[in-house]
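Chain and residue survey
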Amino acid sequence: MALDIRSQLTTRIDGKAAGKVDFRQTTTGLAVRLGSIVELLGDRYDAAQIARIRASAAGDVYLPLSQLQAQGIPISYDPVYDEFNVGLVDTRPKAARKVHMDQISTPERGLGSTGMDQVPRR
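Residues numbered from 1 in each chain as written. Predicted model: local features only at pLDDT ≥ 70, side-chain atom pairs only at ≥ 80, totals over all residues. Heavy atoms only, no water.

**Examining the packing of aromatic side chains**
For the coordinates displayed, the defined rule picks out two aromatic pairs. Ring geometry for Phe 23 versus Phe 84: centroids 6.0 Å apart, planes at 70°, classification edge-to-face. You can see Phe 23 sitting in strand E2 (residues 16-26) and its partner Phe 84 sitting in strand E6 (residues 83-86), a full 61 residues away along the chain. Its relative accessible area of 0% is what places Phe 84 among the buried residues. Summarising the aromatic geometry, the rings of Tyr 77 and Phe 84 are spaced 5.8 Å apart at their centres and angled 65° between planes, so their arrangement reads as edge-to-face. With a relative accessible area of 30%, Tyr 77 lands in the partly exposed category. Joined through ring pairs, the aromatic side chains of Phe 23, Tyr 77 and Phe 84 make up one cluster. (Phe/Tyr/Trp six-rings, centres within 6.5 Å; stacked < 30°, edge-to-face > 60°. Helix = DSSP H or I, 4+ residues; strand = E, 2+ residues; numbered from the N terminus. Buried < 20%, exposed > 50% of the residue type's maximum accessible area, 1.4 Å probe, protein only.)

**Some thoughts on the nonpolar core**
Ranked by internal contacts, the top residues of the largest apolar core, which has 18 residues, are Val 32, Ile 37, Leu 68, Ile 75, Phe 84 and Val 86. Those elements that place two or more of their residues in this core are strand E1 (4-13), E2, helix H1 (34-40), helix H3 (65-70) and E6. Not counting the four nearest positions on each side in its chain, Ile 37 is found in contact with Val 21, Val 32, Ile 75 and Val 86. (Core = buried A, V, L, I, M, F, W, Y, C linked by side-chain atoms within 4.5 Å. Contact = heavy atoms within 4.5 Å.)

**Brief notes about unusual backbone geometry**
Of note, Asp 14 is a non-glycine position whose phi angle comes to about 50°, a positive value. Within the secondary structure layout, Asp 14 lies in the loop between E1 and E2. In this model, Asp 82 sits at a positive phi of 55°, which is unusual for a non-glycine residue. The residue Asp 82 is located in the loop between strand E5 (75-78) and E6 in this model.

**Here we look at the environment of Ala 17**
Following the sequence through the fold, Ala 17 ends up in strand E2. Between the C-alpha atom of Ala 17 and that of Glu 83, which follows or precedes it by 66 residues, the distance is 9.7 Å. The contact partners of Ala 17, leaving out residues within four places of it in the chain, are Thr 10, Thr 11 and Arg 12.

**As for the pairing of E1**
Each regular strand shows side chains that alternate between the opposite faces of the sheet. Pairing analysis gives ten bridges linking E1 to E2, with the strands arranged antiparallel. Of the residues in E2, the one forming a bridge with Thr 11 is Gly 19. Here E1 hands over to E2 after two residues, with Asp 14 in that stretch at a positive phi of 50°. Pairing geometry for E1 and E6, over three bridges, is parallel. When the sheet's bridge partners are listed, Thr 11 is paired in E6 with Phe 84. (Pairing = 2+ DSSP bridges.)

**Comments concerning the environment of Tyr 77**
Its place among the elements puts Tyr 77 in strand E5. C-alpha of Tyr 77 to C-alpha of Leu 65: the two residues are twelve residues apart in sequence and 8.4 Å apart in space. Those residues in contact with Tyr 77 that sit more than four places away from it in its chain are Leu 9, Leu 30, Leu 65, Asp 82, Glu 83 and Phe 84. Side chain to side chain, Tyr 77 and Asp 82 meet in a polar contact 2.5 Å long. (Polar contact = N/O pair within 3.5 Å; in protein donor to acceptor, adjacent residues only side chain to side chain.)

Here it is as structure tokens:
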């Protein structure tokens, strides 16, 4: 049985939620419906181009992310937040690529570091 899931995902443009796009997931990867991404990016394109895509069957075509990127649309999928990102702004935290934890304080060494003071009785 072949994997073929169609749904919608939240999409951020330059870090801000802009709406949802239609996507399709198959065994070859993720693909986005051209018409849905064009609707979100409508203010970035010529009105005549938008009208032509809306009127044609091309609006219902699902394109892989790599093909959209090759056409100048900087789209990526964020598996952590399960959403698409469009834009050149990296919205992840600065330390998102770290694979270890920062040490909060300097470790204590010596005989006193393992001892526990007793609380005096009153």
